[in-house]
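# Coordinate analysis (summary)
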Amino acid sequence: MLHRKIRAAVDPTTADVAVQVYDLDEIAARLAATADHDGLTSLLAADLPQSAS
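So, here's what we can say about the structure. Quick caveat: nothing in here was measured; it's all calculated off a predicted structure.

### A look at the overall build of the protein chain
Helices and strands together make up the secondary structure of the protein chain, namely four helices and zero strands. N-terminal to C-terminal, the α/β element order of the protein chain is α-α-α-α. By the compact-globule yardstick of 10 Å for 53 residues, the protein chain is too spread out, its C-alpha radius of gyration being 18 Å. If you line up the protein chain on its principal axes, its C-alpha atoms span 60 × 20 × 10 Å.

Here it is in structure tokens:
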């Protein structure tokens, strides 16, 4: 995803460099730390069938 985003915004060579330079584990950790679990749960729950009581 990083490569695709930077390639679209700048160019393929810059995207190649970014993928090699950025700490992808750090990016993943930051994404996980800011994930909206409540929002995603609500989004998915809206499509679940309601059970009969």
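### Notes on the environment of Tyr22
Looking at the element boundaries, Tyr22 is found in the loop between helix H2 (12-21) and helix H3 (24-33). For the pair formed by Tyr22 and Ala35, sequence separation is 13 residues and the distance between their alpha carbons is 20 Å. Sequence-distant contacts of Tyr22, that is, excluding residues within four places in its chain, are made with Leu2 and Ile27.

### Here we look at the pattern of salt bridges
Applying the stated criterion across every chain yields a total of one salt bridge. Residue Glu26 is joined to Arg30 by a salt bridge in which the shortest nitrogen-to-oxygen separation is 2.8 Å. Placement of the pair is Glu26 and Arg30 together in helix H3, with a separation of four residues, close to one helical turn. A relative accessible area of 36% means that Glu26 is categorised as partly exposed. Of the residues examined, Arg30 reaches a relative accessible area of 56% and is grouped as exposed.

Parameters and conventions
- Residues numbered from 1 in each chain as written.
- Predicted model: local features only at pLDDT ≥ 70, side-chain atom pairs only at ≥ 80, totals over all residues.
- Heavy atoms only, no water.
- Helix = DSSP H or I, 4+ residues; strand = E, 2+ residues; numbered from the N terminus.
- Rg over C-alpha atoms; globule rule 2.2 N^0.38 Å.
- Contact = heavy atoms within 4.5 Å.
- Salt bridge = Lys/Arg side-chain N within 4 Å of Asp/Glu carboxyl O.
- Buried < 20%, exposed > 50% of the residue type's maximum accessible area, 1.4 Å probe, protein only.

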